[in-house]
Amino acid sequence: MNQNRVDHVRVGISMEKEIIKDKNLIFNDVKKNIKELNNGLIVHTTISNWIRQSFDKHKQVVQDEKVVLVDLNLPRNECPIDELECEGKIYPFSKTRLTVNKNHSDYAFITYIFDGGKKEFVLEPLVEECIEILKKDEEFAAIKKRKWPEGFTNEWDKKIFEE
């Protein structure tokens, strides 16, 4: 088989990531809702749901791309790259990108881009951080004292907020 050696080929793995740039937006939403708590609710679950709803409202999806330079041996006149194996994972081919240097129009390079999937934001650390903030919050303490004078009735809430 005829081989075509191509040096310094740019290979990229593109991944969508969910991020939150300002956690305070979520904390502020929870603080606004805190007045709605009543003693019929499981507090931890209610706060987790508020955080999830607020995150869905404020999240941003960004494209993260990791690019490496590699040398390739390609069969002549074919583009056989259907997937990339890198660091023990296999990524399907997504697209090629041709980049032309605007200062030197005779210089261009191709990047083969592979789909790295979507990385979803893990909410649990954000929920834990919000709970820790609420434990120190005077308004939350006042609501808790007014609506649960004997302490929380739900065992999970007791464990989280009263220990």
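Rules of the game
- Residues numbered from 1 in each chain as written.
- Predicted model: local features only at pLDDT ≥ 70, side-chain atom pairs only at ≥ 80, totals over all residues.
- Heavy atoms only, no water.
- Helix = DSSP H or I, 4+ residues; strand = E, 2+ residues; numbered from the N terminus.
- Buried < 20%, exposed > 50% of the residue type's maximum accessible area, 1.4 Å probe, protein only.
- Contact = heavy atoms within 4.5 Å.
- Salt bridge = Lys/Arg side-chain N within 4 Å of Asp/Glu carboxyl O.

Participant: Explanation requested: the side chain of Thr111 in the structure shown.
Facilitator: Relative to the helices and strands, Thr111 is located in strand β5 (residues 108–119). Its relative accessible area of 3% is what places Thr111 among the buried residues. Beyond its immediate chain neighbours, meaning those up to four positions away, Thr111 contacts Arg10, Val11, Gly12, Lys95, Thr96 and Arg97.

Participant: Explain the pattern of salt bridges here, please?
Facilitator: Any two side chains of opposite charge can pair, on the condition that their charged atoms come close. Tallying each qualifying case throughout the model produces 12 salt bridges. For the salt bridge of Lys59 with Glu18, the shortest nitrogen-to-oxygen distance reads 3.0 Å. Residue Lys59 is located in the loop between α2 (43–58) and β2 (60–75), and its partner Glu18 is located in strand β1 (residues 3–19); the two are separated by 41 residues in the primary sequence. For Glu18, a relative accessible area of 9% gives the class buried. Among the salt bridges present, the one from Lys57 reaches Asp29, with a minimum N-O distance of 3.3 Å. With Lys57 in helix α2 and Asp29 in helix α1 (residues 23–33), this pair connects stretches of sequence that are 28 residues apart. Judged by its relative accessible area of 56%, Lys57 is exposed. Overlapping salt bridges bring together Lys31, Lys35, Asp137 and Glu139 as one network.

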